[in-house]
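# Structural features, examined
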Amino acid sequence: MRTVLLPLALLALTACEPQPEGKPVTRARIDGKGEPSPSPAATPSVASQVESACRSIIFENTPLTHCLAVPSRHTIAMELGPDGEAPYRSLSALAKARGEDSNVAFAMNAGMFDEEGKPIGYFVEDSDRLHTLNSNDGEGNFHMKPNGVFFGSGGKWEVRATEDFLANVSERPEFGTQSGPMLVIDGKIHPEIAADGPSRLARNAVGVDERGRAHFVISNAPLSFGKLARFYRDKLKVKNALYLDGTVSALWNPSTDRLDSGAPIGPIVVVERKDSAE
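Here we take up a negative patch on the surface. A cluster of acidic residues, Asp83, Glu85, Asp126, Asp128 and Glu174, forms a negative patch at the surface. In this fold, Glu85 is placed in the loop between strand E4 (74-79) and helix H3 (91-98).

Rendered as structure tokens:
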């Protein structure tokens, strides 16, 4: 298996290809002038590519976007909606609320939710716990145990399996979101995840490496749980990685004017540049 950087020329070509049938997310420019595409909006310049925290890559013939948050340069927070109001339900609504002068490096959907867009698992925003830890059994990806929690305070970010979190984390973090399943647990792929199973969707996930950096990945074409898990384990060398969601997976990357739209989403993770890093 090899991971290769996607040449700018290939990006320009793939941006013109038709969107695969059944894909619910539309890749669009923030100004609304872009057209649907199965890959991120074409990068307008080399300078924008350098400024962006995200890069386009190919893994096992599948296009992915990998976004990196570094504690010395970024902060991470969860957002559901404006204070006291309903959830945003889209990255477009978040972008509109933030305006053009924000320090947002990138944002994406971050966890599973109910019909109103509210989290079904543990969720903390600005140190305020909006939903308790969910250890219930049930159907669906969320209940494919072990599931897990992505959380942090200050510049320390972690991914832990739910039982590990419950047993070892006593202080409420500044942010947190629960989702499932875990893709990688202590360096091993989730025992119920096949190498390349039949379920193929646009998916996104997060993992934290040994240097404390958070790796966010979103696929630009359908892929299996197994392939996404291998990318984290084998290429990113991440020992713990958490699946965030599928089908509705979406990314806002202001540096490249990428603003995905489609089915309504719920919790959102927002990565911002620190003032000193601008």
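Here the narrative resumes, following the displayed structure.
Let us now look at the packing of aromatic side chains. Counting across every chain of the model gives eight aromatic pairs. An angle of 80° between the planes, with centres 5.8 Å apart, marks the rings of Phe150 and Phe216 as edge-to-face. Taken as a pair, Phe150 in strand E8 (residues 148-153) and Phe216 in strand E14 (residues 214-219) lie far apart in primary sequence, 66 residues in all. Here Phe150 matches Phe216 in class, with each residue buried. Grouped by ring-pair contacts, the aromatic residues Phe106, Phe150, Phe175 and Phe216 constitute a single cluster. Against the face of Phe225 rests Arg203, its NZ or CZ located 3.9 Å from the ring centre.

Moving on to the pattern of salt bridges. As a working rule, side chains carrying opposite charge can pair if their charged atoms are close by. Tallied over the full model, the rule gives twelve salt bridges. Linking Asp196 and Arg200 is a salt bridge whose minimum nitrogen-to-oxygen distance equals 3.4 Å. Note on Asp196: relative accessible area 39%, which makes it partly exposed. One salt bridge in this structure joins Arg213 and Asp209, with 2.8 Å as the shortest N-O distance. Through salt bridges that share partners, Glu79, Arg98 and Glu272 make up one connected network.

Before going further, it helps to examine the sheet that holds E8. Strand order in the open sheet formed by five strands is E7-E6-E10-E8-E9, and the pairing between neighbours is antiparallel. Looking along the sheet, the strands with just one partner apiece sit at the ends: strand E7 (128-131) and strand E9 (156-161). When strand polarity is set aside, the average angle formed by the axes of neighbouring strands in this sheet is 20°. Relative to E9, E8 runs antiparallel, the two sharing six bridges. Across the sheet, Phe150 pairs through a bridge with Val159, a residue of E9.

What follows covers the side chain of Glu158. For Glu158, the location among the structural elements is in strand E9. Here Glu158 falls in the buried class, since its relative accessible area comes to 19%. Engagement of the side chain of Glu158 in a polar contact is seen with the side chain of Arg160, the distance being 2.9 Å. Other than its neighbours up to four places away in sequence, Glu158 contacts Val149, Phe150, Phe151 and Val208.

Taken in spatial order, the five strands line up as E4-E18-E5-E16-E17 in an open sheet, and their pairing is antiparallel. At either margin of the open sheet sits one strand with a lone partner, and together these are E4 and strand E17 (258-259). Sheet topology note: the strand E16 (residues 251-253)/E17 ladder contains two bridges and is antiparallel. Bridging from a neighbouring strand, Trp252 pairs with Leu259 of E17.

For the protein, the mean per-residue pLDDT works out to 85, and 81% of the residues sit at or above 70. Segment residues 1-50 is flagged for pLDDT under 50; beyond a separation of four residues in sequence, or across chains, it makes 94 contacts in the model.

Before going further, it helps to examine the state of the cysteines. A complete count under the given rule lists one disulfide for this structure. With its sulfur 2.0 Å from that of its partner, Cys54 forms a disulfide with Cys67. The S-S bond linking Cys54 to Cys67 shows a torsion near 105°; that makes this disulfide right-handed. Here Cys54, found in strand E2 (residues 54-59), pairs with Cys67, found in strand E3 (residues 62-69); they are 13 residues apart in sequence, far enough to count as distant. Judged on exposure class, the residue Cys54 and its partner Cys67 are both buried.

Definitions and limits used
- Residues numbered from 1 in each chain as written.
- Predicted model: local features only at pLDDT ≥ 70, side-chain atom pairs only at ≥ 80, totals over all residues.
- Heavy atoms only, no water.
- Patch = residues over 30% accessible without salt bridge, like charges linked within 9 Å, V, L, I, M, F, W, Y side chains within 5 Å.
- Areas by Shrake-Rupley, 256 points an atom, 1.4 Å probe, with all protein chains shown as cover.
- Salt bridge = Lys/Arg side-chain N within 4 Å of Asp/Glu carboxyl O.
- Lys, Arg positive; Asp, Glu negative; His and termini not counted.
- Charge placed at Lys NZ, Arg CZ, Asp CG, Glu CD.
- Helix = DSSP H or I, 4+ residues; strand = E, 2+ residues; numbered from the N terminus.
- Phe/Tyr/Trp six-rings, centres within 6.5 Å; stacked < 30°, edge-to-face > 60°.
- Buried < 20%, exposed > 50% of the residue type's maximum accessible area, 1.4 Å probe, protein only.
- Lys NZ or Arg CZ within 6 Å of the ring centre and 35° of its normal.
- Pairing = 2+ DSSP bridges.
- Axes fitted to C-alpha atoms, helices over the stretch in contact; angles between N-to-C directions.
- Polar contact = N/O pair within 3.5 Å; in protein donor to acceptor, adjacent residues only side chain to side chain.
- Contact = heavy atoms within 4.5 Å.
- pLDDT = per-residue confidence, 0-100.
- Disulfide = S-S within 2.5 Å.

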